Amino acid sequence: MVNPVRALREAAGLSQAELARRSGVAQPNVAAYEAGRRSVSVKMLERLLRTSSF
């Protein structure tokens, strides 16, 4: 199963730290979303998607 947070981050060519900085989400939370330790809401996924755009 593909992790949507990791997929969008990698497609944008960003590190977790850069995605965190751009979105205002703490990097440990980005890591937790990617690892499946934390559920990502649709609203948060949309936020991450908007901020990962070029």
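Quick look at the structure, then. Fair warning: this is a prediction, and the values are worked out from it, not measured in the lab.

1. A look at the packing of helix 2 (residues 16-23) against helix 3 (residues 27-35)
Axis separation between helix 2 and helix 3 bottoms out at 8 Å; the angle between their running directions is 120 degrees. If you check the angle between helix 2 and helix 3, you find them oblique. Both helix 2 and helix 3 take part in a crossing whose hand is right-handed. Of the residues in helix 3, those in contact with Gln16, Ala17, Leu19 and Ala20 of helix 2 are Gln27, Val30, Ala31 and Glu34.

2. Points about the pattern of salt bridges
Tallied over the entire structure, the rule returns four salt bridges. With its nearest N and O atoms 2.4 Å apart, the salt bridge here joins glutamate 34 to arginine 9. You can see glutamate 34 sitting in helix 3 and its partner arginine 9 sitting in helix 1 (residues 4-12), a full 25 residues away along the chain. Here the salt bridges do not stand alone but share partners, grouping Arg6, Arg9 and Glu34 into one network.

Basis of the calculations
- Residues numbered from 1 in each chain as written.
- Predicted model: local features only at pLDDT ≥ 70, side-chain atom pairs only at ≥ 80, totals over all residues.
- Heavy atoms only, no water.
- Axes fitted to C-alpha atoms, helices over the stretch in contact; angles between N-to-C directions.
- Helix = DSSP H or I, 4+ residues; strand = E, 2+ residues; numbered from the N terminus.
- Parallel < 35°, antiparallel > 145°, perpendicular 65-115°, else oblique.
- Left-handed = near helix turned anticlockwise from the far one by under 90°.
- Contact = heavy atoms within 4.5 Å.
- Salt bridge = Lys/Arg side-chain N within 4 Å of Asp/Glu carboxyl O.

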